[in-house]
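Below, each chain spelled out in residue letters.
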Amino acid sequence: MNTGLIHKYNVPGPRYTSYPTVPYWDESNFNVNDWKFSAVKSFAESNEKEGISLYIHLPFCESLCTFCGCNKRITKNHDVEDPYIKAVLKEWQMYTDLLQERPLIKEIHFGGGTPTFFSPNNLRQLLDGVFNHADQCDDWEFSFEGHPNNTTREHLQTLYDFGFKRVSFGVQDYDPVIQKAIHRIQPFENVERATTLAKEIGYTSVSHDLVFGLPKQTLETIADTIQKTILLKPDRLAFYSYAHVPWLKGNGQRGFDENDLPKDEEKRALYNLGKKLFLENGYVEIGMDHFALKSDSLYSSAVDKKLHRNFMGYTSSKTQLMIGLGVSAISDSWYAFAQNVKTLEEYYDALAKDELPVFRGHLLDGEDLVIRKHVLNIMCQLRTSWAQPNEKFEGLDEVITKLAEFVKDDILTVNESGLQINESGIPFIRNVCMAFDLRMNRKLPDTRLFSMTI
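Residues numbered from 1 in each chain as written. Predicted model: local features only at pLDDT ≥ 70, side-chain atom pairs only at ≥ 80, totals over all residues. Heavy atoms only, no water.

A. Main features of the pattern of salt bridges. Considering all chains together, one arrives at 22 salt bridges under this definition. The salt bridge involving arginine 439 is made with aspartate 365; its shortest N-O contact spans 3.3 Å. In this pair, arginine 439 sits in helix α15 (residues 438-442) while aspartate 365 sits in the loop between β16 (358-363) and α12 (366-381), placing the two residues 74 residues apart along the sequence. For aspartate 365, a relative accessible area of 33% puts it in the partly exposed group. Ionic contacts of the salt-bridge type, sharing partners, join the residues Lys8, Glu405, Lys408 and Asp409 into one network. (Salt bridge = Lys/Arg side-chain N within 4 Å of Asp/Glu carboxyl O. Helix = DSSP H or I, 4+ residues; strand = E, 2+ residues; numbered from the N terminus. Buried < 20%, exposed > 50% of the residue type's maximum accessible area, 1.4 Å probe, protein only.)

B. Main features of the packing of helix α3 (residues 81-99) against helix α11 (residues 344-352). Where α3 contacts α11, the axes come no closer than 10 Å and their chain directions differ by 50 degrees. The pairing of α3 with α11 is recorded here as oblique in orientation. When the axes of α3 and α11 are compared, the crossing they make is left-handed. Contact residues: α3 offers Pro83, Tyr84, Ala87, Val88, Lys90, Glu91 and Met94, while α11 offers Leu344, Tyr347, Tyr348, Leu351 and Ala352. Here the residues of the contact of α3 with α11 sort into 10 nonpolar, no polar and 2 charged. (Axes fitted to C-alpha atoms, helices over the stretch in contact; angles between N-to-C directions. Parallel < 35°, antiparallel > 145°, perpendicular 65-115°, else oblique. Left-handed = near helix turned anticlockwise from the far one by under 90°. Contact = heavy atoms within 4.5 Å. Nonpolar A, V, L, I, M, F, W, Y, C, P; charged D, E, K, R; others polar.)

C. Representation of the sheet that holds strand β19 (residues 418-421) within the structure. Taken in spatial order, the 3 strands line up as β17-β19-β18 in an open sheet, and their pairing is antiparallel. Looking at strand neighbours, the two that pair on one side only are β17 (383-385) and β18 (412-415), the edges of this open sheet. Neighbour-to-neighbour, the strand axes of this sheet turn through a mean angle of 10 degrees, independent of strand direction. Bridge analysis of β18 against β19 gives 4 bridges, and the strand direction is antiparallel. By the bridge assignment, threonine 413 is partnered in β19 with glutamine 420. Across the sheet, helix α13 (residues 396-408) touches β18 and β19, and the angle it forms with β18 is around 135 degrees. (Pairing = 2+ DSSP bridges.)

Here you go:
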């Protein structure tokens, strides 16, 4: 890769799991009643046709991983499980009362935190409670994030019996020096055991999450990690760029020295080596940070142009309405976003008052809705079109002018009706989306909000 382009485009930028991105939500024109109206409208338009998605945030972890920027609560006290599940189920009942009809659930995803912190019996109680008020779509896809150190056969079997067929194991890196630096001690044997158990039980998509750009990571260590990963042949892979965001409150990213982090072209070389090894072993690159075997649904969705991106990252299908349950969870009705309060104390307090625990959100205006489609097209299909009147927006000419620089650098091609990302331009798709991000460009941040794009 051209190192000059890395230096030019390696700037802070969003990952575009939404548009507008959270720092640019217009919270002043948002209230919870607007969100409720939006959710009901979206549900009426889409439930019978495609169902809804549920994201359930399970925030507890027994120890802090110092690479993690997620919302979590560190504790070894498992007495926290039962009250949290009761709270999540109360929030869910409040939504089903609001919607007035039984939802058809197409997608469920357990994120965290560490979902497998919870006992299999408590996860069973959670899902029993969910399905007391909902039914399952015919073409469902249920998934969860498992920690290889504590995911048991009983965890896997319990969730499989409810229809979970996809599991993602957080691997990050196998090198013991790096594991110590990020406080994630996790032997290869634990990942092998969890992966083998999942396949034996019948999971059709096992994913491994790897991270490049971690402290003390080198070409030799990343090659060893990937070679071990290939031995287990997961169906899909997330190969994320480490997001160094030590300014976030509650973030543990001060457990290592800044000088330990691979920089710029050194970091990108880690990705390029990983990509080379994945492609040589039958994986296909999907979007900007995922790989899948051709037998996996993520690949077929990409081929069929059904790939979607939301707050959970890339998914093989979409629903118009996604309801987020639990502390800090984000919901999406397509017309609006809503985020729950970020602390357990605030979450429990709101529910005790019979209030949805939403504390901020954004109502998308007409311009937002058009730009959102362009950002999704670029992130998922590596192309977008503005040939039709409903694909145009007031600032399009300004955006096209900015795209000329990307054309000059061979990142994309543009014609009068749209753009196509070139193969060499895939590492820069976040930068291309930033050209469309009118909300950010109208109010450039004066402090660091995002991780680096490359």
